[in-house]
Each structure stands twice: as structure tokens, then as C-alpha cells.
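In case you want the letters, here they are:
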Amino acid sequence: MRLNRRTALGLGTVATAGTVLGAAAPASAAEATETSPTTPARAARRVAAVFTRHSTEAGGNWQAYVSVADPAGAPVVAVQADPDRRIEAYSVNKIAVATAVLDKVDRGLLTLDQQVEVSAAIVVPGGDGIFSLDGAYPSMVTLGHVLANLLTVSDDTAVRLCGLVAPAAEINSILVAKGFPNTQVEPVANPNRFFLGTSTPRETHDLLRALVAGTLLSPASTTYLLGLLRSPVAFTDGIRRTMSSDERARVATKAGWFADARHEAGVIFDRSGAAVLTYALFADGQANPEDFGATHPAVQARAAMGPKFLAAVDRIAGVGTTFRITARRPSNGG
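Each value, and the rule that gives it
Residues numbered from 1 in each chain as written. Predicted model: local features only at pLDDT ≥ 70, side-chain atom pairs only at ≥ 80, totals over all residues. Heavy atoms only, no water. Pairing = 2+ DSSP bridges. Helix = DSSP H or I, 4+ residues; strand = E, 2+ residues; numbered from the N terminus. Phe/Tyr/Trp six-rings, centres within 6.5 Å; stacked < 30°, edge-to-face > 60°. Lys NZ or Arg CZ within 6 Å of the ring centre and 35° of its normal. Buried < 20%, exposed > 50% of the residue type's maximum accessible area, 1.4 Å probe, protein only. Arc of directions from axis to C-beta. Core = buried A, V, L, I, M, F, W, Y, C linked by side-chain atoms within 4.5 Å. Contact = heavy atoms within 4.5 Å.

(A) Structural detail: the sheet that holds strand β6 (residues 184–187). The strand order β3-β7-β6 describes an open sheet built from three strands, whose pairing is antiparallel. At either margin of the open sheet sits one strand with a lone partner, and together these are β3 (87–88) and β6. By the bridge criterion, two bridges tie β3 to strand β7 (residues 194–199) in an arrangement that is antiparallel. Considered in β7, the bridge of I87 is made with S199.

Structure representation (C-alpha cells):
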């Protein structure tokens, strides 16, 4: 098991916070403050204290990069724990795969309403998602349906369906051209299939920052992708677990889990819909690697971090474009 002693002891994050922001308050003192911070620097100190406390309690190895938006200038770095280590990103890289597919949509090479075939041979047996549950193949679905399942229920077969329209080599070249050379899928013998590959906390963070800044994709594709990541059916076991439905709508998130790794990355928006906090949290080496549910130590740690991150930035204004979410109303059929 790899173990980053500085992260496990909380030294890496506190040292960073002290260097960038001034002396960091102890976690208990920072979290005990009832009112939300009113400046990005104070919010970042609160976020650093929260991360240090809960990642240390969970144990294992953490790599992370978290920043708080500052309307006066560059984002304030709250957490950087081994931010440039290239690691297996697992399903967090489904955001990168979707980015490559939507880049082709933006260039007129694909459309969201074009259809792809779900054959029995392409279904990942027992994989996460819903395509493996259908039990009736072949079927035809739109590319929009594929991406919706890729980014909400993290469907594994959806990865292979994306490969039909965007081969591994093309995905990697698109990501390199956009400035993300470490965020790459791993090709296999079949050019239309791939493992989800690698990234670094900093690159995943920066990709999300570019997305909300509108420099990664067209406005339409940006709104579409964020709408999937902010939807009620998107991942709720981690950062969003103990939030109201309105609070969950302020968080765009994607998790990734495999072997002993439990990752999550996303963006928290202010009440107007502007991005205010961006996080990339990668963790492995914790206890109970066979537990893929909400009781895994790293997932529990992120569930504890989520509401406290939101509270830390609740009085901070985000920056850039506002992305308002359409109110979702439950239906009783009919």
C-alpha cells in the first residue's frame, strides 16, 4: 500500500495553506466558526482545515487539488496534496471522454441525436450502469443517451459506446490539444476500446475550471455537460450525500471507483450559478477496499467534507458565466 506520510499526517495541506494564505487554523477551530467566511482566503483556510481533518481520519493515500474562486483575481488554492502525481483516474476520466466526444459535436462531426448500436458483444457484463441490465440486444440509442448514462450513473458500457464514435487515439489527441497531456485514456488492441487511463489532481481541476470558464467547449456543450453532472441522478454518495435537493443542484460532480481507489471531482456553484469552488479528490489505500458503497472510509470522508465545503463558500461570489439549473419536479407518471 502506498502511503503519503505528509498527507496522512495532515502536513502537506497545512503547509500549503500556511504558505499561500498565512498560518492555517487548527481544524477544530476553523470548523467551529458558525458564520461562513466572507473572503476567498478565509474560505480557503476553512476548506483546508476540513480536508485535513477528514482525509487524516480516513487514512490511506490522498492526492488532491482544491481552489476557491476570487473575483479579484486568480483562484485561491486551498488544498494541494501531491497535485501533479499522475494516477489512475478511473471513472473521473469519463468527464474527459465526454469532453472529447462533445468537442467533435462542436465541430460538426457528431450530433447528440445520432444513433449507436448497443450489441450484446459491447455490453460490459456486470458493469456499473444500466445498459448491462437491459437484457435485450441489439438496441439503438442516441449519443445523447450514451453521454447521459456515462456521466450520471457512470455506465461502463457507455464508455465502449463512446469509443465507437471517438477512438482512443483521437480522444487523447483532443485532450492534448486542449492542454491536458496527463489526462489520457489507455488504448488497447481494439482502437475503439480503452481503459479510462490517468490524470493528475491539478489537471482534473484545471479541466473543470476550463469547462466552467467556457474555454473547453461551446456554450451549448458546456451547459449540457454541466447539466448532467448537476442532475439529481448524478453521484450522491460522496460530496452531495447529506445535502438538500437545492444544495445538490449547486454541485456538479463525478466519482470514480475501482480496486482500492475512491475518487471524486467537481465544482460547487454559488446561489446565482457561478463557479465558486473546484475540487479534485483522489484517494486509495484506505480500509475495506471491497466496499464500494457509502460506508467506505474515503467516501464517508468526502460526504463529511461536502456540506462543510459548501458552507465555507456560501458567502463567496463565484466568477464567470452563471449556469442556472432548471428546477426538477418529481413525476407520478401519467
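(B) Molecular detail of the packing of aromatic side chains. In total, this model carries four aromatic pairs according to the counting rule given. When the centroid spacing of 5.3 Å and the interplanar angle of 40° are considered together, the rings of Y90 and F258 count as tilted. One end of the pair, Y90, is in the loop between β3 and α5 (94–106); the other, F258, is in strand β8 (residues 251–258), and 168 residues separate them in sequence. Geometry around F269 places R230 over its ring, the cationic atom sitting 4.3 Å from the centre.

(C) Seen up close, helix α10 (residues 219–229). All of the buried residues in α10 are S221, T222, L225, L226, L228 and L229. What you see down the axis of α10 is that its buried residues fit within an arc of 155°, all on one side. The exposed set on the far side of α10, more than 90 degrees from its buried face, consists of P219 and A220.

(D) Examining the nonpolar core more closely. One finds L150 and L225 to be the most contacted residues of the largest nonpolar core, which totals 56 residues. With eight residues, α5 is the largest single contributor of residues to this core. Here L150 is in contact with K94, V97, A98, D155, A158, V159, C162 and K254, once residues within four sequence places are set aside. In terms of nonpolar packing, the next biggest core, distinct from the first, is built from 30 residues, A64, M243, A283 and A298 among them.

(E) Focus on the pairing of β7. For β7, the buried fraction is high: five of the six residues fall into the buried class. Turn length for the β6-β7 hairpin, with the two strands adjacent in sequence and antiparallel, is six residues.

(F) Looking closely at unusual backbone geometry. At the junction of Y137 and P138, the peptide bond is cis and its omega measures out at 0° in the coordinates. By secondary structure assignment, the location of P138 is in the loop between β4 (115–118) and β5 (139–142). Non-glycine residue A259 carries a positive phi angle of around 50°. Positionally, A259 belongs in the loop between β8 and β9 (261–269). Since its relative accessible area comes to 41%, A259 is described here as partly exposed. For N288, which is not a glycine, the phi torsion comes out positive at approximately 60°. Take N288: it is sitting in the loop between β10 (274–284) and α12 (297–312). Accessibility expressed as a relative area gives 37% for N288, which makes it partly exposed.

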